[in-house]
Amino acid sequence: MFVINQNIEGLNIANLAWGTANAKTVTLSFQVYSSLTGTFGGVLRNSADNRSYPFTYSIASANTWTSISVTVAGDTSGTWLTNNGVGIRVSFGLGVGSTYSGTAGAWAGTLYQGATGATSVVGTSGATLYITGVQLEVGDTATSFEHRPYDMELARCQRYYQVGDVHLFAGGGGSGDGTVLFPVQMRANPTVTFSDSAGTANTYTDSAGNGQSFSINVNSANTYRFRFQNLLARTATWWEMNYTLSAEL
């Protein structure tokens, strides 16, 4: 089974009221380019993978950008998270097979990853498929793709993933403490990993260029900051470390 997935945070789809009698209609739009022609498929589904809406779209001309718009009536059944978990999964099938393919155009109480009868991209050697400009919005009409300012887009990305480096001073023969504040609140407590400038995990580099290993204790890891302690220093010095924070869906 081959699919392209995009998870949408539940806080961003709370206004859809899916799972209730007031469920709102949405429209999925995107641009697609493929070396193949025919009918292709995808799915909207919930985090529990027990509600699925298979859809199809057509590519009439190979190696030509095609605008696609798919309107989906909101689901009045099932559980759709409206917290910081996965609200909606958007999937594009590249080769799903019959077991996880369902009839397009209707909600189903099971896990589907594609639509029945859809073209298998991976089934043709050397075939290509490109997708861009994906947008899911409320209503039955697709609007122009929203181009947000760079700083706004960056902040949205940092909610899920951040990288950076730390430069702090540690006392001679003792230990150093430090706190790093996140530029934006992350979606959830992140997984924190560290490395020195050469990429060696759980190592920091002191001002003399010596890589020193350490046992790190990450305290108060939350959506705003992390704190580290007991960074050993042989002499009064500063040290540096790269870090990665991941709170991806």
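The model shown is predicted, which means the values in this text are computed figures rather than measured ones. (Residues numbered from 1 in each chain as written. Predicted model: local features only at pLDDT ≥ 70, side-chain atom pairs only at ≥ 80, totals over all residues. Heavy atoms only, no water.)

Participant: Run through the sheet that holds strand 2 (residues 26-34), naming residues and quoting values.
Facilitator: The strand order 5-2-9 describes an open sheet built from three strands, whose pairing is antiparallel. Bordering the open sheet on either side are strand 5 (66-72) and strand 9 (129-138), each of which pairs with just one other strand. For this sheet the average axis-to-axis angle between neighbouring strands, irrespective of direction, equals 20 degrees. (Pairing = 2+ DSSP bridges. Helix = DSSP H or I, 4+ residues; strand = E, 2+ residues; numbered from the N terminus. Axes fitted to C-alpha atoms, helices over the stretch in contact; angles between N-to-C directions.)

Participant: Which residues make up the pattern of salt bridges, and what values go with them?
Facilitator: For the structure on display, the rule yields six salt bridges. Here Asp49 and Arg45 are joined by a salt bridge, their closest N and O atoms 2.4 Å apart. The exposure class of Arg45 is buried, given its relative accessible area of 4%. Note that Glu153 is salt-bridged to Arg148, the shortest N-O span being 3.0 Å. Arg148 sits in the partly exposed class, given a relative accessible area of 28%. In the salt-bridge network here, residues are joined through shared partners; they are Arg45, Asp49 and Arg89. (Salt bridge = Lys/Arg side-chain N within 4 Å of Asp/Glu carboxyl O. Buried < 20%, exposed > 50% of the residue type's maximum accessible area, 1.4 Å probe, protein only.)

Participant: How would you explain unusual backbone geometry if you had to name every residue and give the values?
Facilitator: Backbone geometry places Ala17, a non-glycine residue, at a positive phi of 55 degrees. By the element assignment, Ala17 lies in the loop between strand 1 (2-9) and strand 2. A relative accessible area of 24% places Ala17 in the partly exposed class. If you check the backbone angles, Asp49 has positive phi at about 55 degrees while not being a glycine. If you trace the backbone, Asp49 turns up in the loop between strand 3 (38-45) and strand 4 (52-59). On the basis of relative accessibility, which here comes to 25%, the residue Asp49 falls in the partly exposed class.

Participant: Tell me about the nonpolar core, and name the residues and values.
Facilitator: Core analysis: the largest hydrophobic core is formed by 27 residues, its most contacted members being Trp18, Leu44 and Tyr57. Val180, Met186, Met241 and Tyr243 belong to the second-largest nonpolar core, a separate cluster that totals ten residues. (Core = buried A, V, L, I, M, F, W, Y, C linked by side-chain atoms within 4.5 Å.)

Participant: Tell me about the layout of surface pockets, residues and numbers included.
Facilitator: Empty space within the largest pocket amounts to approximately 1,200 Å³. As for the largest pocket, its lining consists of 35 residues, and the residues nearest its centre are Gln6, Ile8, Asn12, Arg148 and Arg156. Those elements that place two or more of their residues in the lining of the largest pocket are strand 1, strand 2, strand 6 (86-95), strand 9 and helix 1 (150-158). Counting residues per element, the lining of the largest pocket draws most heavily on strand 9, which supplies ten residues. In terms of residue class, the lining of the largest pocket is built from 19 nonpolar, eight polar and eight charged. (1 Å grid on protein atoms, 1.4 Å probe; cavity = no way out; pocket = protein on both sides within 12 Å on 5 of 7 lines; lining within 4 Å. Points joined across faces, edges and corners; volume = space filled by probe spheres on them. Nonpolar A, V, L, I, M, F, W, Y, C, P; charged D, E, K, R; others polar.)

Participant: An account of the confidence of the model for the protein chain is requested, with residue identities and associated values reported.
Facilitator: In this model, the protein chain carries a mean pLDDT of 87, and residues with pLDDT of at least 70 account for 80%. Predicted confidence is poor over residues 213-221, with pLDDT under 50, and the contacts of this stretch with residues over four places away or in other chains come to 24 contacts. (pLDDT = per-residue confidence, 0-100. Contact = heavy atoms within 4.5 Å.)

Participant: Lay out the packing of aromatic side chains in plain terms, naming residues and giving numbers.
Facilitator: Enumeration according to the criterion identifies eleven aromatic pairs in this entry. Ring geometry for Phe30 versus Phe92: centroids 5.0 Å apart, planes at 75 degrees, classification edge-to-face. Of the two residues, Phe30 sits in strand 2 while Phe92 sits in strand 6, which places them 62 residues apart along the sequence. For the pair shown, Phe30 and Phe92 are each scored as buried. (Phe/Tyr/Trp six-rings, centres within 6.5 Å; stacked < 30°, edge-to-face > 60°.)

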